[in-house]
Amino acid sequence: MSALLVAVLLCLAVAVPAAPAWAADNQVTVKTLASGTKFATKMYIIDSGKAGPTVMIVGGVHGNEKAGYTAAGKLTDYNIKKGKLIVIPRANVPAIDAGKRTASGYTDLNRQFPTSKKGSAKGTLAKDIMKVVRDYDVDWLMDMHEGYGYSKVSDSVGQSVIYYPSGTMASTAKKIVNTLNKDISKSSQKFSLLRYPAGGSLARAAALSGANAFILETCTKDKLSLRVNRQLEAAEIMMKAAGII
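In this text the structure is predicted, and so the values were computed from the model without any measurement. (Residues numbered from 1 in each chain as written. Predicted model: local features only at pLDDT ≥ 70, side-chain atom pairs only at ≥ 80, totals over all residues. Heavy atoms only, no water.)

Enquirer: Mind showing me how you'd approach the overall build of the protein here?
Expert: For the protein, the helix and strand inventory stands at 7 helices and 8 strands. A compact globule built from 245 residues would reach a C-alpha radius of gyration of about 18 Å, and the protein, at 19 Å, matches this within 12%. In terms of principal-axis extent, the alpha carbons of the protein reach across some 65 × 45 × 35 Å. Considering the protein as a whole, with its 245 residues, one finds that 49% of them fall into the buried category. If you take every contact in the protein between residues at least 6 apart in sequence, the share linking residues at least 24 apart comes to 73%. By element, 53% of the accessible surface of the protein is carried by carbon and sulfur atoms, the whole surface being about 11500 Å². (Helix = DSSP H or I, 4+ residues; strand = E, 2+ residues; numbered from the N terminus. Rg over C-alpha atoms; globule rule 2.2 N^0.38 Å. Buried < 20%, exposed > 50% of the residue type's maximum accessible area, 1.4 Å probe, protein only. Contact = heavy atoms within 4.5 Å. Areas by Shrake-Rupley, 256 points an atom, 1.4 Å probe, with all protein chains shown as cover.)

Enquirer: Would you mind showing me how to read the environment of Ile 176 here?
Expert: As for its placement among the helices and strands, Ile 176 is situated in helix α5 (residues 169-181). Put simply, Ile 176 and Leu 216 are 40 residues apart on the chain and 9.3 Å apart in space, counted from C-alpha to C-alpha. The contact partners of Ile 176, leaving out residues within four places of it in the chain, are Val 161, Phe 214, Leu 216, Ala 234 and Ile 237.

Enquirer: Help me understand helix α4 (residues 124-135) in this model?
Expert: Note on helix geometry: an α-helix contains 3.6 residues per turn, so any two residues three or four positions apart are oriented the same way. The end-to-end C-alpha separation of α4 is 16 Å, in line with the 16 Å expected for 12 residues at 1.5 Å each. Looking at the buried residues of α4, the elements they touch are β1 (27-33), β2 (41-47), β3 (54-59), β4 (84-88), β5 (140-147) and α6 (202-208). Where α4 ends, the next residue or the one after it, Asp 137, has phi of about 50°, a positive value. (Expected span 1.5 Å × (residues − 1).)

Enquirer: Explain the environment of Ile 96 to me, please; I cannot follow it from the model alone.
Expert: Mapped onto the elements, Ile 96 comes out in helix α3 (residues 93-98). Sequence separation between Ile 96 and Gly 52 is 44 residues, and the spatial gap between their C-alpha atoms is 33 Å. Not counting the four nearest positions on each side in its chain, Ile 96 is found in contact with Gly 60, Gly 63, Tyr 69, Arg 90 and Ala 91.

Enquirer: What's the story with unusual backbone geometry in this structure? I'm lost.
Expert: Outside of glycine, negative phi angles account for most residues, and trans bonds account for most peptide bonds. Positive phi, close to 50°, is recorded for Ala 34, a residue that is not glycine. Turning to its location among the elements, Ala 34 is positioned in the loop between β1 and β2. Look at Ala 34 and you get buried, because its relative accessible area is 2%. The phi torsion at Tyr 196 lies on the positive side, around 65°, for a residue other than glycine. Position of Tyr 196 among the secondary structure elements: in the loop between β7 (192-195) and α6.

Enquirer: How should the nonpolar core be read in this particular structure?
Expert: Most often, soluble globular proteins have nonpolar side chains that are buried together. Within the largest apolar cluster, 34 residues are counted, with the highest numbers of intra-cluster contacts made by Val 55, Ile 57, Leu 85, Met 142, Phe 214, Leu 216 and Met 239. Where this core is concerned, the elements lending two or more residues are β3, α2 (66-73), β4, β5, β6 (160-163), α5, β8 (212-219) and α7 (224-242). If you tally residues by element for this core, the top one is α7, at 8 residues. With residues near it in sequence (within four places) discarded, Ile 57 still touches Leu 75, Leu 85, Ile 86, Val 87, Ile 88, Met 142, Met 144, Ala 235, Met 238 and Met 239. (Core = buried A, V, L, I, M, F, W, Y, C linked by side-chain atoms within 4.5 Å.)

Spatial relationships are all this shows, so hold off on functional conclusions.
In structure tokens form, the structure reads like this:
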């Protein structure tokens with residue numbers, strides 16, 4: 001092996017950051033929701049082994065919102081220092097496979113969740129996802145979505161944080177919007193801060209169950225890589241607020 005090649009390999013080794021010491025305690029369990037149906041999908045439970053809050057991140061509720069399920073997919077082995085992180089990266093698999101908002105012949109998944117604290121979800125998939133929220137007593141929930149236009153200049157909710165004003169969600173939502181907007185020069189493309197996710201949505205149902213919950217809506221007019229990074233940045237702000245990283 002030449003001296004030059006050895007030097008290059010050493011540089012590459014140094015460039016890779018070591019995992020934090022507490023990451024060694026993380027255990028990842030993979031479960032299947034809606035098992036045995038066309039909606040079967042994977043759920044990843046990252047357990048730090050230390051007491052702390054439970055954070056849940058969901059992508060792919062709508063199959064044509066690529067940044068959401070792409071970003072969520074990057075978090076399935078994320079390192080946390082306490083509590084649990086639950087990730088459902090591809091919630092609505094048939095819709096994702098079809099590249100459509102919802103699967104053909106089925107109603108919008110994001111309108112099938114309970115509209116009251118003790119209400120019931122509709123359909124096997126929504127029921128299984130809601131059971132996770134309740135069984136794990138989820139403290140924080142982020143639902144990753146996208147809009148077709150910028151919220152400030154269209155009737156779409158792209159570029160917005162839609163939160164339920166309970167717990168400490170208001171201050172965290174404001175921080176997410178302010179942080180993301182720092183890198184956006186055009187005022188028409190900046191993120192808006194909106195309240196109250198739609199009735200029947202996962203975020204609203206989770207909030208009614210006691211979680212700090214919100215929807216992050218990027219805009220499909222932007223490049224995919226930028227949208228994914230914004231989703232991940234918002235997720236990290238939430239996880240820091242929760243104290244799991």
